[in-house]
Amino acid sequence: METKAIEISHYSYTYPGANSPTLTDINLTVDKGEFVILIGPSGCGKSTLIQSLNGIIPHIKGGDVHGEILVNGKLVAEHRVQEMAANIGLVFQDPESQLCNLFISDEVAFGPENILLSKEEILERVQESLGYVGLSDASWKYVYEISGGQQQRLAISSVLALEPEILAFDDPTANLDPVGTAEIVEVLRKMKSDQRTIIIATPWLDEFITMATKLVVLDKEGRIFACGQPNEILTKYGKMLLEEMGVWIPQIPELEIKLQEKKIIPAETVSLTVDESLNKLKNLDFHSPSSSIQKDNNPETIVSVNRVSFSYPDGTRALKGVSFDIQKAKLTAILGPNGSGKSTIAKLMIGLLPLSEGDIRICDFDLKKNKTSDITKKVGFVFQNPEHQFVQDTVLDEITYSLKVIGYKEDEIQQKAEEMISLFELEEHRDRHPYVLSGGQKRRLSVATMLVGQPELLILDEPTYAQDFRNVSSLMSVIKQQMSKGVSVVMITHNMRIVQDYADDVIVISHGNLIYQGKPEKLWLSDDYTTDATLKQPPLQRLMEELRKLSLEIPDEVRTVNQFVDCIGGGN
Amino acid sequence: MGKYIQFQFLRHDSLLHRMDALSKLIFVVLISFAVYFFQDVRQLVFMPLILFSLALFAGKIDWKVILCSFSVFLAFGFFVGVFQLISNASAGEIIFSAGFIRVSDVAFYKAQIFLLRLFTIGCAALVYLWTTNPKYFAIGLIYLGIPYRFGYAILVALRFLPLIQTEIGKIKDAHLVRGLASEKGIKGAIENWRRYLFPVLANGLRKSETTSIAMDSRAFGLYKKRTYVEEFQWSKTGLALVASMLIIILVLGWTWGFGFIQPRYS
């Protein structure tokens, strides 16, 4: 019996018009029933490799190919994409774009209809596939009236209806909130237990690492840098992945690598789960936090939101009497599931929505009495999709445009623009069109256009979306630098790692109500805050909770891996 | 008012919704042709009333949605009417004058006819859009022998319309934050489109590429034919609607007369 699901030998691929290959000499074998995770820095070719598996590359996208890929014993180069559909199913990053029908049941029937199955067989497959992902009750709904997580489950179901033996996923949780992500993780867990072959490209290992049988690391040149069992790869290369390649690694291995480095625990294979790690860390001694954990006793309020309610024209009550304050020069994270009211409050703060009930004051500026054009002189807003904000044809013009709008003089404009370009490391790209920049560069430019006017408050909507560790670290370091000059930052995010590492304060909104405001480390002390807002506790928080149950005295202020390591006095 | 303006399929269980897509299409085509042969304002006033009643009683569409959405085409018709008033100002006898504004009897007649024609065709298209699941429209086209790729192209386009609307809203907001408010007037509208077109096109192309490869990845286009869970069937109620419309047109024509495409005035 054939045991190989995928065999890739000496595979290289160059996009049409590109000077260098995106993938170079890839050799990889995936056995049937394996769960393989592909990781690597932004632009390393993860998506390209996924799209090569069913022939999208090169049959649709063109380009030069060397070497070969066998999927389910079929040579991909010799079969059309459509012919590969019953062998390998692909699920893409953006759930909305991959759905082509109006109704859920039609979407699932679409594949079986294409392979000329009988009406009875199609209906049977629709029922079975929708049941598998838990969408049987929603079959009559429009595809656009369900949540992002449900849309992604629908995309999986529509692929499953063709009964492929292998499923490939290209960053399937990138566009999802924690609820949607948990839904997809659940479906993948089920598939794994059903012995399906799964290959998934993702920058977020935390959710999937315990399911993986193989971890494949691609480097910047599109070569396989490492391939093997996840804990072995992370033990051997974890530090390099994080610090040199700029790739997110799970929190538990990251912690153990740092503890091993300081010789606090012995150098051995790192754990992947909290339970595994507990045994190694249960005898540690903790001391009081070092000076790196700062306390601010005299905070100055920059934003005051008082009893704000808001309803959309269709009657949706997005906010119900929300009140909170934001401190000057602090980073405040706003958390909550999609549709909770996070974006509504942010849009009210910049004047994009009319404030009818309640008051918002920003830097002694009453929002009710001012227009957006006045508010933007004091408040910057970075949208989730940076391209939406670009209005000029070059990087330099984008930045100088912001200065012109504010009313800077010509000689000042040039100097300030140059400073900003250098601060955000965009020197090489100054004359390029903003649309041709990489994802990380676009994000940096969008933040630069807002910071150049020296706002007192900067609002960021999902700034870490689709960014690797290196991009996020570089962006956050510039933001921290600006905060030291007095800029206050509000960040809407689903990324709990970023919240734990960078936020000074946290606001949690759920169903239009404010359910928590306080320090990030206290957020997990009560289930009331997190269950209702469906927030998922980061592994480090879970580990600390378990260690505290074992009577270890971990200081309350600890919330990042580095703080945890700093607070350890002695070891086993 | 905005929330009542609907240019998409509205799901209900109604007589019109249950009718086959092709009969309803023939009904719309019949109306569109008929209004070009009607030259009496009374005939043309009759048609939107029929469409309003059909949408309300046979389509179970909310009366506010009908009125607000119909009014969009009334506004378009009004502009066309004003254009007729201006371009025919010198023809016929002056029946109204105030300052430099002069309205001749010919211009007034033509303005009414053109307004009502446009209004009627728009209303008929809306009734079709509200009550026809695009899937059945695509299946109907395929029944007529049109390649299924073409039918699906229309289906995907309709699926993406709401997404494009959302995208434009986000771009407007993002530009406003950059200090570029939406401009007013005809010149402003052109400038707005110039600004929004590039990001909408860039994102639209990216999304449509994903859609296209996601469809191919699910075997779309593998064979010349496809099977369908639901196949096209003429409905008796649909054919009855077409027959009724034909009778109404003939009766109206017999009562007040038919003409040619250009309105007659005597």
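The structure we're discussing is the one just above.
Note that the coordinates shown come from a computational prediction; the quantities given were computed from them, not determined experimentally. (Residues numbered from 1 in each chain as written. Chains lettered and ligands numbered in written order. Predicted model: local features only at pLDDT ≥ 70, side-chain atom pairs only at ≥ 80, totals over all residues. Heavy atoms only, no water.)

Focus: the nonpolar core
Residues and elements named next belong to chain A.
Part 1: Judged by nonpolar contacts, the single largest core of 83 residues is most densely connected at M349 and I360.
Part 2: Top contributing element to this core by residue count: helix α16 (residues 469-484), with 6 residues.
Part 3: In contact with I360, other than residues within four places in its own chain, are V303, S304, V305, V308, L348, M349, L355, F365, D366 and L367.
Part 4: Core analysis: the next-biggest nonpolar cluster, separate from the first, contains 54 residues, V143, L167, L205 and L272 among them. (Core = buried A, V, L, I, M, F, W, Y, C linked by side-chain atoms within 4.5 Å. Buried < 20%, exposed > 50% of the residue type's maximum accessible area, 1.4 Å probe, protein only. Helix = DSSP H or I, 4+ residues; strand = E, 2+ residues; numbered from the N terminus. Contact = heavy atoms within 4.5 Å.)

Some thoughts on the packing of aromatic side chains
Residue and element names in this part refer to chain B.
Part 1: Per the counting criterion, the structure on display carries 24 aromatic pairs over all chains.
Part 2: An angle of 55° between the planes, with centres 6.3 Å apart, marks the rings of F73 and F76 as tilted. Of this pair, F73 and F76 both sit in helix α4 (residues 63-87), 3 residues apart, which is roughly one turn of the helix.
Part 3: With a centroid separation of 5.3 Å and 75° between ring planes, the pair formed by Y148 and F220 is classed as edge-to-face. (Phe/Tyr/Trp six-rings, centres within 6.5 Å; stacked < 30°, edge-to-face > 60°.)

Observations concerning the side chain of K280 of chain A
Part 1: As for its placement among the helices and strands, K280 of chain A is situated in helix α10 (residues 274-281).
Part 2: A polar atom in the side chain of K280 of chain A sits 2.8 Å from the side chain of E256 of chain A. (Polar contact = N/O pair within 3.5 Å; in protein donor to acceptor, adjacent residues only side chain to side chain.)

Regarding the packing of helix α9 (residues 251-261) of chain A against helix α19 (residues 539-549) of chain A
Working note: a packed helix pair is described by the angle between its axes plus the distance between those axes.
Residues and elements named next belong to chain A.
Part 1: Across the interface, α9 lies against α19 with an axial gap of 8 Å and an inter-helix angle of 70°. By the angle between their directions, the pair α9 and α19 is classed as roughly perpendicular. On α19, the residues that touch Q251, I252 and L255 of α9 are P539, L540 and L543.
Part 2: Residue composition of the contact of α9 with α19, grouped by class: 5 nonpolar, 1 polar and no charged. (Axes fitted to C-alpha atoms, helices over the stretch in contact; angles between N-to-C directions. Parallel < 35°, antiparallel > 145°, perpendicular 65-115°, else oblique. Nonpolar A, V, L, I, M, F, W, Y, C, P; charged D, E, K, R; others polar.)

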